[in-house]
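# Working through the structure, step by step
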Amino acid sequence: MTTFSLFDKSSKMDGIYVFFIVNRFQMLFLFFLLPTYLLHPFMIWGIVAMAIFSQLNIRLLCKWLESNYAKKGYQGFVELFGVRMVRLLTFIGLILILIKITVITLGYLEVIHDFIFPSMNSNWIIFFILLTSSYVASLGMKNTIRFVVIVFLCVFWIIFLYFPFFIPPIAALHDLYPLIPTNWTTDSWKGLLLIWSSYSGPEYLICLIPWIKPQQKMRKYLTYANALSTSEYLLLFIASLFFFGSNYLSKSKYPIIHMIRYLQSPMFERLDIILISLHMFVLVFALSIFLLCIYGATRIILKKTSTQPSRMGFAVTCIVLFLCFVFVNNWIWSIKTEQNILLNIQIWLSGITYFIVPTFLLLLTKLKGRVKA
Amino acid sequence: MFWKKGKRIANDSSDTQQPVQRKISLDSLKQVLDNMDDVEIIERTTLNDQKVVLIYLRTLIDQDRLNESIIEPVIQCPHAMIYESIATPKVMKIHLLEEAQKLLLTGAVLLNDCIQEQWLVIPLPNELSRGIETSETETILYGAKDSFTEQLEPNITLIRRRLPITELKTEKYKVGSLSETTIVLMYIDGLTNPEYISIARKKISEINFDLFFDSSQVAAFMEEHHHSIFPQFQQTDRPDVCAYSLGLGKLTILVENTPFVLIAPITFFHLFQSPEDYINRWPVASFLRIIRYLSFFLSVTLIPLYVALTTHHYQMIPLQILFVIVESRSKLPFTPFWEAILMLTILEIIKEASLRMPTKSSQTLGVIGGIVIGQAAVQAGFASKVLIVLVCISTISSFLVPNYLMTKANTLIQFCFLLLSSFFGVFGIAMGAVAILAHLNGLTSLKQPYFSPIAPFYWKDWIDLFIRGPLINMKSRPDHLHPLQKWRYKRRM
Amino acid sequence: MRRKKILLVWGIFVSLVMIPGCAPFVENNTIEDIAPVTFWSISKGEKRKIKMSTLVPPLVNEPKSLLTLEVDLLKQGGKDFNLRYYRELKVGQLRMFLIHEELAKQGIIQLINTLLTDYDISQRMYLVIVKGNFDEYINRQAKKQENLDYYLYRMLKHYERKKQGEMTIVNLHEYKNKLFSPFSDPVLPVFKVAKDNFTYEGTAFFSNDKLIETVKNTEDQIFQLLDNDHYLKFFPIPKLDVVIGHLRSRVNVDLDKNLSLVTINVKLNGRIEEYQGNKNILNGNELMQLHKEIETELEMKTTDLIKKMQELKVDPLQIGTHTLSPFSKPISEKVWLAAWGKMNIKVNYQLYFEALQNTKNNY
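Residues numbered from 1 in each chain as written. Chains lettered and ligands numbered in written order. Predicted model: local features only at pLDDT ≥ 70, side-chain atom pairs only at ≥ 80, totals over all residues. Heavy atoms only, no water.

## Re the overall build of chain C
Check the secondary structure of chain C and you find 10 helices and 15 strands. Its C-alpha atoms give chain C a radius of gyration of 27 Å, clearly above 21 Å, the size a compact globule of 363 residues would have. Considering chain C as a whole, with its 363 residues, one finds that 53% of them fall into the buried category. Taking contacts inside chain C between residues at least 6 apart in sequence as the whole, the part at least 24 apart equals 63%. By element, 51% of the accessible surface of chain C is carried by carbon and sulfur atoms, the whole surface being about 17,700 Å². Seen as two clouds, the 51 positive and the 44 negative side-chain charges of chain C have centres 6 Å apart. (Helix = DSSP H or I, 4+ residues; strand = E, 2+ residues; numbered from the N terminus. Rg over C-alpha atoms; globule rule 2.2 N^0.38 Å. Buried < 20%, exposed > 50% of the residue type's maximum accessible area, 1.4 Å probe, protein only. Contact = heavy atoms within 4.5 Å. Areas by Shrake-Rupley, 256 points an atom, 1.4 Å probe, with all protein chains shown as cover. Lys, Arg positive; Asp, Glu negative; His and termini not counted. Charge placed at Lys NZ, Arg CZ, Asp CG, Glu CD.)

If you want it as structure tokens, here you go:
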């Protein structure tokens with residue numbers, strides 16, 4: 001047996017992987033809910049506006065990624081904050097990641113439960129999804145990052161299935177009217193927040209910097225990723241407007257999946273079952289990246305960075321995560337007042353982190369630089 | 001654990017058996033060659049009354065040439081120098097017993113010149129070889145028909161004829177404590193990435209085992225992932241495939257006594273490429289290649305999909321098809337999963353039997369197989385007609401993969417998927433696919449990623465991946481092989 | 001040591017799988033154990049109950065029988081069917097939902113909502129209004145014809161695909177979309193059961209979820225041209241002794257600013273299929289005259305149809321959507337319906353017919 005090297009930093013990844021990763025992180029789970037929250041055709045502009053903001057944010061992030069601190073990886077953080085602060089921030093990050101993956105997993109679980117296996121005990125699915133992703137993660141960070149290409153290729157083409165919704169009997173231009181905001185309510189603000197938080201994801205690149213080649217044209221790849229996600233959001237949203245009309249959209253919980261449910265092919269009907277299953281590729285990928293991040297973070301918090309990663313420690317992380325998911329699934333996720341609390345928290349949190357992390361890091365770097373000078 | 005222990009013992013014993021270097025003498029040789037029936041020790045006197053002793057193994061040497069080029073010239077040797085009278089290209093003097101022993105067993109004649117007290121060795125191996133025939137494992141319609149044989153030298157000849165350049169290097173090694181198999185590492189100097197060569201050298205030097213009769217056994221000791229079902233070395237008996245791979249920047253390992261040559265580093269996708277791809281017109285070749293990938297996909301997923309749909313997702317079947325399936329399944333005693341397992345196992349048995357049986361009785365097998373699988377199972381009500389059709393399609397499509405080891409691998413994957421699909425339906429298949437792809441993504445061949453040029457991503461190499469692009473557009477060698485010379489054409493000065 | 005650890009992990013894994021029993025499922029969907037029903041027929045029962053019936057066994061060539069139940073709730077019926085039949089009836093392949101006319105007149109929104117909540121039920125399920133006693137028909141016919149339900153489905157599918165232009169075919173999704181959107185009212189096809197025949201009769205207009213009017217024959221054909229299919233294979237006009245056919249229509253609706261006039265321009269491409277009148281249609285002038293006559297006839301009939309819609313205050317043609325524009329606030333549905341009732345109508349037809357071929361003048 002070879003040694004267990006999860007965090008082998010020998011080879012660096014090209015910028016193209018960043019493109020794939022950021023794009024898929026932006027298409028994790030929240031986009032399933034997007035049309036239900038946006039409702040009105042004028043929110044098309046909302047998506048565009050948020051895309052521009054996200055682009056600005058990405059510029060900040062890139063500036064930081066190009067700075068000297070970023071190139072040093074963990075050491076850079078230590079220089080920036082000091083060991084104790086890094087441990088604190090890691091702890092906060094750990095909590096954030098934990099909430100994020102809990103929400104995306106349980107959200108996906110709910111989709112499976114609704115559409116594929118309505119009478120199944122969902123803990124089983126958690127178990128098997130986690131089993132798969134811990135296998136993926138156990139192959140090491142390098143392979144997991146590489147895996148994104150396969151994930152992207154297996155999943156990306158799904159967007160082309162929405163093509164039939166742009167052909168006349170379903171697509172009528174009047175479904176897109178009015179294009180100017182006529183009744184702006186608090187729900188519209190919520191919609192904007194949801195768009196923003198579904199754009200979040202690039203900020204987790206800071207966990208992956210040791211594996212990314214420095215001096216890359218990061219901005220180029222990040223811009224492409226952002227643009228691709230934007231066009232996917234727009235496509236999906238416009239297709240769902242065509243299909244449901246903005247009046248019915250709010251009644252449907254996962255409009256994007258319902259649309260696929262409507263499609264028929266000569267070989268299969270209910271294509272949604274296949275596509276939901278395929279979406280697991282993205283989920284497993286995200287879970288395994290975050291699983292590694294969590295394991296790494298725990299090592300930082302427990303001051304074990306200098307030792308070799310152990311199988312036992314990794315296994316324990318996976319098991320704890322499983323228990324955490326099961327706990328949340330059984331006791332917290334099912335509490336539903338008007339809206340899912342955990343989901344709301346996640347929407348807020350990811351919006352905030354995406355806004356704050358790049359700015360904060362860049363500011364701090366600039367300040368430090370000035371102090372040194 | 002046990003393996004480790006075994007290894008340690010082997011190491012110990014090899015340490016203790018460090019041979020004492022002994023001088024060669026007739027008595028000691030006789031002692032060593034005791035009880036070997038095919039040893040011939042003959043004495044002759046030359047015209048000059050010199051006594052000459054010849055020692056050889058009858059079974060290993062070419063007796064005609066022995067008479068022609070050694071015995072006759074030596075006996076009629078007019079002058080005292082026997083050494084000069086021998087009419088073979090290679091004559092060596094030796095002094096050590098161990099050396100003599102080894103050479104004797106490779107088919108050489110030992111000659112003792114009693115007067116000058118010297119031992120000569122003359123290699124005169126019996127070229128026991130079959131002719132060069134067409135390849136049976138990788139048949140093609142157009143293109144070169146020759147294939148490798150069990151002899152090392154002719155195999156090297158076949159490759160050298162195709163690559164007549166001095167940069168084509170051959171390095172000889174011996175592996176196997178009992179079989180003493182010669183293996184030859186071949187590469188193009190200045191083209192193949194030196195890293196691969198040094199990895200290969202290191203791995204070959206680390207091989208420690210007794211018997212090597214086939215290149216796959218050599219491969220087993222060189223690969224990094226012993227438990228994977230995917231072959232990490234390509235095996236081929238076609239010299240053109242070998243030469244083509246060498247030209248791209250891979251290296252090959254020729255093993256004595258087997259026609260199969262190892263090629264490394266390979267990727268998953270190389271196993272889907274057939275030499276005919278480069279002979280057909282490029283759109284046709286691309287189409288065929290896509291069909292091959294598709295049929296691999298089908299052979300792995302078709303039956304699991306059937307089981308998934310009929311066990312879990314009856315909603316997914318269009319009414320027209322459901323009509324057929326319900327009709328054929330309504331009175332079956334088994335659930336779809338057991339039905340599929342049963343049929344697939346029977347099929348595997350028949351497949352295996354047809355490989356092992358003598359050719360003459362294979363007709364019987366065909367008839368029995370056809371009737372059992374095709375007719376009787378349906379009529380007896382053990383399997384549905386739909387499943388039979390699907391089993392046939394998936395089996396036939398599994399044969400489209402050019403690499404035979406891969407064909408075996410996908411049967412295993414199919415069974416895994418079958419199990420998953422019976423538990424979780426389509427979701428289970430997707431889960432299996434994630435696992436398999438992740439596994440492939442983590443595999444390496446000669447420490448190079450197995451799933452490139454997809455992961456890691458080399459988009460320029462995609463011209464020869466799922467499609468086979470026009471040759472004139474393939475101007476550079478594949479990036480993922482990191483060759484030292486990138487361009488395939490000579491650049492003008 | 002390591003091997004032991006791996007064994008331990010495997011042991012835990014296997015026991016985790018084994019202890020709760022292998023399959024984590026409750027539902028059995030194996031095809032031979034279930035009976036995927038293809039249609040439900042719903043009619044009015046006694047005392048506010050609904051009468052549900054379906055044909056079992058579905059999809060198999062076995063003697064079939066009709067199961068009928070009187071229930072309060074739709075899904076209750078689904079459950080009670082299972083108790084009556086030896087295989088479990090599942091709704092995942094429900095393809096047709098036949099609603100009796102009487103029931104439709106009372107409103108079917110509750111039924112539609114139940115159908116929408118079940119994710120197993122396909123959105124492509126056809127909704128059909130039936131006149132007459134369908135149960136009796138199917139009971140009788142099932143003995144004569146094998147797989148009656150299947151062929152019924154094939155028929156509906158044939159006319160839906162590629163818009164064959166004979167019938168209004170509406171599925172659950174389309175119905176729901178029109179029902180829940182402003183400026184549009186749903187329509188459904190009406191089939192009539194008369195003894196051994198199951199014939200297409202026309203299109204039913206709905207105001208909200210209540211059936212209020214059925215249009216037949218010529219009016220239905222015009223409706224197909226105006227909205228539903230924009231295509232018609234044959235359109236007989238007996239008054240003028242002519243059958244026009246292969247009609248493809250392009251409809252252009254214009255609303256004026258203050259919602260007092262609607263102009264509908266219809267361009268028709270097609271050809272004359274049959275003519276038995278006494279004009280020489282090989283003669284250009286007379287042909288033009290015939291065209292004129294057909295145009296006037298069509299304009300008249302169309303105006304009548306739209307007037308009818310106005311009186312009923314329904315808008316199945318979705319003319320109201322033309323009030324929407326990209327840069328203005330949409331009017332409310334109430335305002336629209338009020339305006340719609342009082343609107344003036346102007347209909348223009350333009351015919352572009354192919355020249356006649358392979359014919360000779362009889363005169």
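## Description of the overall build of chain B
Within chain B, the regular secondary structure consists of 16 helices and 12 strands. Taking 23 Å as the expected radius of gyration for a compact globule of 493 residues, we find that chain B reaches 29 Å, considerably beyond that expectation. For chain B, the C-alpha atoms occupy an extent of roughly 100 × 65 × 45 Å along the three principal directions. Within chain B, buried positions represent 51% of all 493 residues. Within chain B, residue pairs in contact and separated by at least 24 positions form 64% of the contacts whose partners lie at least 6 positions apart. For chain B, the computed accessible surface area is about 24,300 Å², with 60% contributed by carbon and sulfur atoms. A gap of 10 Å separates the mean positions of the 47 positive and 47 negative side-chain charges of chain B.

## Some points on the pattern of salt bridges
Residues and elements named next belong to chain B. Taken as a whole and judged by the stated rule, the model has 37 salt bridges over all chains. Of the charged contacts in the structure, one is a salt bridge between Glu-171 and Arg-201, with a shortest N-O distance of 2.6 Å. Of this pair, Glu-171 sits in strand 6 (residues 168-175) while Arg-201 sits in helix 7 (residues 194-206), placing them 30 residues apart in sequence. Given a relative accessible area of 16%, Glu-171 falls into the buried group. The exposure class assigned to Arg-201 is partly exposed, which follows from its relative accessible area of 34%. Each of Asp-277, Arg-289, Arg-292 and Asp-464 takes part in one network of salt bridges that share partners. (Salt bridge = Lys/Arg side-chain N within 4 Å of Asp/Glu carboxyl O.)

## As for the interface of chain C and chain B
Listed by partner, the interface residues are 27 residues for chain C and 22 residues for chain B. For the chain C face of the interface with chain B, the top three residues by lost area are Ile31(C), Glu32(C) and Leu59(C), together amounting to 27%. The closest approach of N and O atoms between Glu32(C) and Arg329(B), which form a salt bridge, is 2.7 Å. Where chain C touches chain B, the interface holds eight residue pairs in polar contact (both at pLDDT 80 or more). At the level of elements, strand 1 (34-36) and helix 6 (148-160) of chain C are the ones that each hand at least two residues to the side of chain C that touches chain B. Per-element tally for the side of chain C that touches chain B: the top contributor is helix 6 of chain C, with four residues. (Buried area = accessible area lost by both parts, 1.4 Å probe. Polar contact = N/O pair within 3.5 Å; in protein donor to acceptor, adjacent residues only side chain to side chain.)

## Let's talk about the sheet that holds strand 6 of chain B
Residue and element names in this part refer to chain B. If you walk across this open sheet you meet the five strands as 6-7-9-10-8, and the pairing is antiparallel. Every interior strand has two partners, whereas the edge strands, strand 6 and strand 8 (234-236), have only one. Direction aside, neighbouring strands of the sheet carry axes that sit 25° apart on average. Of the strand pairs in this sheet, strand 6 and strand 7 (residues 181-188) are connected by eight bridges, and their pairing is antiparallel. Bridging across to strand 7, Lys-174 finds its partner in Thr-182. (Pairing = 2+ DSSP bridges. Axes fitted to C-alpha atoms, helices over the stretch in contact; angles between N-to-C directions.)

## Notes on the environment of Ile195(A)
All names here are of chain A. Locating Ile-195 in the fold gives a position in helix 9 (residues 186-199). Expressed as a C-alpha distance, the spacing of Ile-195 and Ile-47, which sit 148 residues apart in the sequence, is 6.5 Å. Once residues lying within four places of it in the same chain are set aside, the contact partners of Ile-195 are Leu-34, Leu-38, Gly-46, Ile-47 and Met-50.

## Focus on helix 13 (residues 311-332) of chain A
All names here are of chain A. Counted at 1.5 Å a residue, the expected span for helix 13 with its 22 residues is 32 Å, and the 30 Å between its end C-alpha atoms agrees. Of the residues making up helix 13, those classed as buried are Phe-314, Thr-317, Cys-318, Leu-321, Phe-322, Phe-325, Val-326, Val-328 and Asn-329. One face of helix 13 carries all of its buried residues, which in axial projection span an arc of 165°. Among the exposed residues of helix 13, those pointing more than 90 degrees away from its buried face are Leu-323 and Trp-331. (Expected span 1.5 Å × (residues − 1). Arc of directions from axis to C-beta.)

## A short note on the nonpolar core
Counting 345 residues, the largest nonpolar core has Trp64(A), Phe268(B), Phe427(B), Phe97(C), Phe134(C) and Ile294(C) as its most contacted members. Counting residues per element, this core draws most heavily on helix 12 (residues 271-301) of chain A, which supplies 24 residues. Setting aside chain neighbours within four positions, we find Trp64(A) in contact with Ala70(A), Phe77(A), Leu80(A), Ile206(A), Ile209(A), Leu361(A), Leu362(A) and Thr365(A). If you look at the next biggest cluster of nonpolar residues, it comprises 23 residues, including Ile204(B), Met222(B), Phe233(B) and Leu481(B). (Core = buried A, V, L, I, M, F, W, Y, C linked by side-chain atoms within 4.5 Å.)

## Some thoughts on helix 5 (residues 134-144) of chain C
Residues and elements named next belong to chain C. For helix 5, every residue scored as buried is listed here: Phe-134, Asp-135, Tyr-137, Ile-138, Gln-141 and Ala-142. The arc that holds every buried residue of helix 5, seen down its axis, measures 150°, which confines them to one face. Turned more than 90 degrees off the buried face of helix 5, the exposed positions are Lys-143 and Lys-144. One side-chain oxygen at the N-terminal end of helix 5 lies 3.3 Å from the backbone nitrogen of Asp-135; it belongs to Asn-133.

## Comments concerning the domain arrangement of chain C
Residue and element names in this part refer to chain C. Each assigned domain of chain C is listed here: domain 1 (32-215) and domain 2 (230-356). If you look at the interface, domain 1 gives 17 residues, while domain 2 gives 21 residues. Note on domain 1 versus domain 2: buried area summed over both sides is about 1,500 Å², and carbon and sulfur give 62% of it. Among the residues of domain 1 in contact with domain 2, Phe-183, Asp-185 and Phe-205 are the three that bury the most area, contributing 45% of the side total. In this structure, the connection of domain 1 to domain 2 is made through one salt bridge. A salt bridge links Glu-213 to Lys-308; the shortest N-O distance between them is 3.7 Å. (Domains from an automatic or database assignment.)

## Notes on the packing of aromatic side chains
Under the counting rule described, the total for this entry stands at 72 aromatic pairs over all chains. Arranged with centres 6.1 Å apart and planes meeting at 85°, the rings of Phe39(C) and Phe134(C) form a pair that is edge-to-face. Taken together, the residues span a long stretch of sequence, with Phe39(C) in strand 2 (residues 39-44) and Phe134(C) in helix 5 at a distance of 95 residues. In terms of burial, Phe39(C) and Phe134(C) fall into one category: buried. Here the basic side chain of Arg299(A) rests over the ring of Tyr295(A), its NZ or CZ set 5.8 Å away from the ring centre. Residue placement shows Arg124(C) over the ring face of Tyr262(A); its charged tip is 4.1 Å from the ring centre. (Phe/Tyr/Trp six-rings, centres within 6.5 Å; stacked < 30°, edge-to-face > 60°. Lys NZ or Arg CZ within 6 Å of the ring centre and 35° of its normal.)

## So, the sheet that holds strand 4 (residues 108-113) of chain B
One key point about sheets: their strands pair by backbone hydrogen bonds, in either a parallel or an antiparallel sense. Residue and element names in this part refer to chain B. The five strands lie next to each other as 1-2-4-5-3, forming an open sheet whose pairing is antiparallel. The open sheet has two edge strands, strand 1 (39-45) and strand 3 (92-94), and neither has a second partner. Between one strand and the next, the sheet's axes are offset by a mean angle of 25°, whatever the strand orientation. The strands touched by helix 3 (residues 63-75) are strand 1, strand 2 (51-57), strand 4 and strand 5 (118-123); relative to strand 2, the strand with the most contacts, the crossing angle is about 170°.

## Overview of the side chain of His279(A)
All names here are of chain A. Along the chain, His-279 falls in helix 12. Since its relative accessible area comes to 8%, His-279 is described here as buried. In terms of polar contacts, His-279 uses its side chain to reach the backbone carbonyl oxygen of Leu-28, at 2.8 Å. In this view, His-279 contacts Met-27, Leu-28, Phe-31, Phe-32 and Tyr-108; residues no more than four positions away in its chain are not counted.

## Digging into the confidence of the model for chain C
Residues and elements named next belong to chain C. Averaged over every residue, the pLDDT of chain C is 83; residues scoring 70 or more account for 92%. Of all helices and strands in chain C, the one with the weakest mean pLDDT is helix 1 (residues 2-18) (65), whereas strand 7 (residues 126-131) scores best (92). In the predicted assembly, ipTM is 0.92 and pTM is 0.89. (pLDDT = per-residue confidence, 0-100.)

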